[in-house]
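# Geometric and topological summary
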Amino acid sequence: MEADKYLPLISKPQDIIPGDGNSDAEIVFIGEAGGYNESVQRKPFVGQAGKLLDKLLELSDIKREDVYITNMVKTRPPNNRDPLPDELKSYENYLDRELKVIKPKVIITLGRFSMAKFLPNVFISGVHGKKYEVLFDNRKIIVVPMYHPAASLRNGSILEQEKKDFINLKTILTETLSQEGDKIDPVQLELI
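Since the model is a prediction, treat every value here as computed from it, not as a measurement. (Residues numbered from 1 in each chain as written. Predicted model: local features only at pLDDT ≥ 70, side-chain atom pairs only at ≥ 80, totals over all residues. Heavy atoms only, no water.)

Tallying secondary structure elements over the protein chain gives eight helices and seven strands in all. Of the contacts made within the protein chain by residues no fewer than 6 positions apart, 72% connect residues no fewer than 24 positions apart. As displayed, the protein chain has an accessible area near 10,100 Å², and 50% of this comes from carbon and sulfur atoms. (Helix = DSSP H or I, 4+ residues; strand = E, 2+ residues; numbered from the N terminus. Contact = heavy atoms within 4.5 Å. Areas by Shrake-Rupley, 256 points an atom, 1.4 Å probe, with all protein chains shown as cover.)

The tally for this structure, following the rule as stated, stands at 12 salt bridges. Close ionic contact of Lys 170 with Asp 61 constitutes a salt bridge, the shortest N to O distance being 2.4 Å. Remark: Asp 61 occurs in the loop between helix 3 (48-59) and strand 3 (68-71) and Lys 170 occurs in helix 8 (residues 156-178); sequence separation between them is 109 residues. With relative accessibility at 37%, the residue Lys 170 sits in the partly exposed group. In this structure Asp 61 comes out as exposed when scored by relative accessible area, which is 55%. For Glu 92, the salt bridge goes to Lys 117, with nearest N and O atoms at 3.4 Å. Taken together, the positions of Glu 92 in helix 4 (residues 85-102) and Lys 117 in helix 5 (residues 112-118) put the pair 25 residues apart, joining distant regions of the chain. (Salt bridge = Lys/Arg side-chain N within 4 Å of Asp/Glu carboxyl O. Buried < 20%, exposed > 50% of the residue type's maximum accessible area, 1.4 Å probe, protein only.)

Burial of nonpolar side chains together is a common tendency in soluble globular proteins. With 28 residues, the main nonpolar core has Ile 30, Leu 99, Ile 107, Phe 118 and Leu 119 as its most contacted residues. Only strand 2 (27-31), helix 4, helix 5, helix 6 (124-127), strand 5 (132-136) and strand 6 (139-146) provide two or more residues apiece to this core. Take this core: its biggest share by element is five residues, from helix 4. The next biggest cluster of nonpolar side chains, apart from the first, holds 21 residues, and it includes Ile 27, Phe 29, Ile 108 and Leu 159. (Core = buried A, V, L, I, M, F, W, Y, C linked by side-chain atoms within 4.5 Å.)

It is worth spelling out the packing of aromatic side chains at this point. Going through the model one piece at a time under the given rule, you end up with two aromatic pairs. Ring centres of Phe 118 and Phe 136 lie 6.3 Å apart, and the angle between their planes is 65°; on these two criteria the pair is classed as edge-to-face. Pair noted here: Phe 118 is in helix 5 and Phe 136 is in strand 5, with a separation of 18 residues, a long-range link. Above the face of the Tyr 94 ring, Arg 97 is positioned so that its terminal group lies 5.3 Å from the ring centre. One Lys or Arg, Lys 117, reaches over the ring of Phe 118 and ends 5.7 Å from the middle of that ring. (Phe/Tyr/Trp six-rings, centres within 6.5 Å; stacked < 30°, edge-to-face > 60°. Lys NZ or Arg CZ within 6 Å of the ring centre and 35° of its normal.)

Here we come to the confidence of the model for the protein chain. The pLDDT averaged across the protein chain works out to 90; a share of 90% of its residues lies at or above 70. For residues 181-188, every residue scores under 50 in pLDDT, and the model assigns this stretch 14 contacts once sequence neighbours within four places are set aside. (pLDDT = per-residue confidence, 0-100.)

A few words on the side chain of Glu 98. With respect to the secondary-structure elements, Glu 98 resides in helix 4. Of the polar contacts made by the side chain of Glu 98, one reaches the side chain of Thr 70; its length is 3.0 Å. Each residue touching Glu 98, except ones within four places of it in the same chain, is listed here: Gly 19, Tyr 68, Thr 70 and Lys 74. (Polar contact = N/O pair within 3.5 Å; in protein donor to acceptor, adjacent residues only side chain to side chain.)

Written out as structure tokens, the structure reads:
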């Protein structure tokens, strides 16, 4: 099928899992791709990882309806495998368009694939829970990489670290969102 050339993994419109939430949000969460439950409900983070994300959001005093949640790949890879590089590249323009429309001040990446879009060549184990200033669409944005909730479901020590990171996220968001304009100070890394 010709469409597969442009959007891999999609054979019909119902395969698409669009982003969900407040399109005027100051905070956007980006995961990697949908799973089974997401493909059925056509919403990101509604399965077990989504239920954990909801609990983690509470630690930061974030209401799900106040943020926007999306994925790098807008469909479910077979057998919930990791997205392939060509799949990530194929969907990149769609994610970029979402971000240009929403214009978030803060992006929380969930997992290494979304982290790598903004912070390439780093390991999530060394950067999780910290804020970084990046340039996207000629605007300064704060990016906070977090472990993917699915990783926390598989590993209790990651879960404990992720809980701490979400508790600390509350402080990062308070400091960042209370600043005016683009006067955001980088913590450790600037990508231009």
